[in-house]
Amino acid sequence: PYSPALMRAYISRCKKIDPFVPPTLVDHIVSHYVAMRRQQSQESGKKDSRTSFCTPRFLLSILRFSQAIARLRLADKVERNDVEEAIRLQYVSKADADKKDDDEKKSVDPAGAIFGLIQKYIKDRGQDKANFDDIQNHVSMRGYTQQQLEDCISAYEDIDLLQLNRNRTTIMLIDGQ
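Residues numbered from 1 in each chain as written. Predicted model: local features only at pLDDT ≥ 70, side-chain atom pairs only at ≥ 80, totals over all residues. Heavy atoms only, no water.

## Some words on the sheet that holds strand β1 (residues 129–131)
To keep things clear, this is the line we draw: Pairing between strands is defined by DSSP: at least two bridges between them are needed. Numbering of helices and strands runs from the N terminus, with a helix taken as a DSSP run of H or I at least four residues long and a strand as a DSSP run of E at least two residues long. The axes used here are C-alpha line fits, helices contributing only the stretch in contact, and every angle between their N-to-C directions lies in the interval 0 to 180 degrees. Two residues form a contact once any of their heavy atoms are found within 4.5 Å.
Taken in spatial order, the three strands make up an open sheet running β1-β3-β2, and their pairing is antiparallel. Since the sheet does not close on itself, it has two edges, and those belong to β1 and β2 (162–164), each with one partner. Going across the sheet, the axis of each strand differs from the next one's by a mean of 20°, ignoring polarity. In terms of strand pairing, β1 meets strand β3 (residues 170–173) through three bridges, oriented antiparallel. Within β3, the position partnered with A130 by the bridge is I171. Where helix α8 (residues 146–158) meets the sheet, its contacts fall on β2 and β3, and the angle it forms with β2 comes to roughly 120°.

In structure tokens:
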């Protein structure tokens, strides 16, 4: 455990930092926001549209979370990992709120839910495979851990529905799905 004096000094130092978002990350943040808005509009028939998740405030919160994460690292500049973690936190928060309203989601095991995410990600692109790093990012932004992804891959490789190449660069759906 850290001493209260050390924690106060660390927090004081963090408060003095005002990290900036470089222009290269602005495009990345905007593209995520646009993709989430598009996804939400496609799903709007399934849910009450008055409870919109992806609003301009959501975009602002991603920026502020990203800056806060950079501050915790005592950095003057927001990095891509800060943005990815901010987006992941937003998804986890939304999933947690949805879980409270949706008993069906509670019964889904993580491996099955992750396989569904992988399957949808790949099929939505009209492909039978995808870059593993993209899948890893997609799954982690939905609140799942690296270990849960690994468990899913192992389970679904065992029943020949999924295959990860030896270099761990490409994940492929096996025919018959």
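Past the structure itself, the notes keep going.
## A word on the pairing of β3
What counts is decided by this rule: Each residue gets one of three labels from its accessible area relative to the maximum for its type: buried under 20%, exposed over 50%, partly exposed in between, using a 1.4 Å probe on protein chains only.
Where burial is concerned, the two faces of β3 differ: the one with I171 and L173 is buried and the one with T170 and M172 is not. Here three bridges tie β2 to β3, and the two strands are oriented antiparallel to one another. Counterpart to L164 in the pairing with β3 is I171. The hairpin turn running from β2 into β3, its antiparallel successor, is five residues long, and R168 in that turn takes a positive phi close to 60°.

## As for the pattern of salt bridges
Put simply, the rule is: Any carboxyl oxygen of Asp or Glu that lies within 4 Å of a side-chain nitrogen of Lys or Arg is treated as forming a salt bridge with it.
Per the stated rule, a full pass over the model turns up seven salt bridges. In this structure, R80 and E84 form a salt bridge, with 3.8 Å as the shortest nitrogen-oxygen distance. In this pair, R80 and E84 are both assigned in helix α4 (residues 80–101), four residues apart and thus about one turn of the helix distant. Judged by relative accessible area, which is 47%, R80 ranks as partly exposed. On the basis of relative accessible area, E84 is assigned to the buried category, the value being 11%.

## Concerning the nonpolar core
We apply this condition: Residues belong to a common nonpolar core when they are buried Ala, Val, Leu, Ile, Met, Phe, Trp, Tyr or Cys residues joined through side-chain atoms within 4.5 Å.
Ranked by internal contacts, the top residues of the largest apolar core, which has 18 residues, are I118, I122, I135, L162 and I171. At the level of elements, α6 (110–124), α7 (132–141), α8, β2 and β3 are the ones that each hand at least two residues to this core. Looking at this core, the element that brings in the most residues is α6, giving six residues. Residues in contact with L162, not counting those within four places in the same chain, are F115, I118, I153, Y156, E157, I171, M172, L173 and I174. By size, the runner-up hydrophobic cluster in this structure holds 16 residues, among which are Y33, I62, V78 and I87.

## Looking at the confidence of the model for the protein
What counts is decided by this rule: Each residue carries a pLDDT value, the predictor's own confidence for that position, ranging from 0 to 100.
When pLDDT is averaged along the protein, the result is 83, and 85% of the positions lie at 70 or above. Helix α1 (residues 4–15) holds the highest mean pLDDT among the elements of the protein, 94, whereas helix α5 (residues 103–106) holds the lowest, 47. Across residues 103–107, confidence stays below pLDDT 50; counting only partners more than four residues off in sequence or on other chains, it has three contacts.

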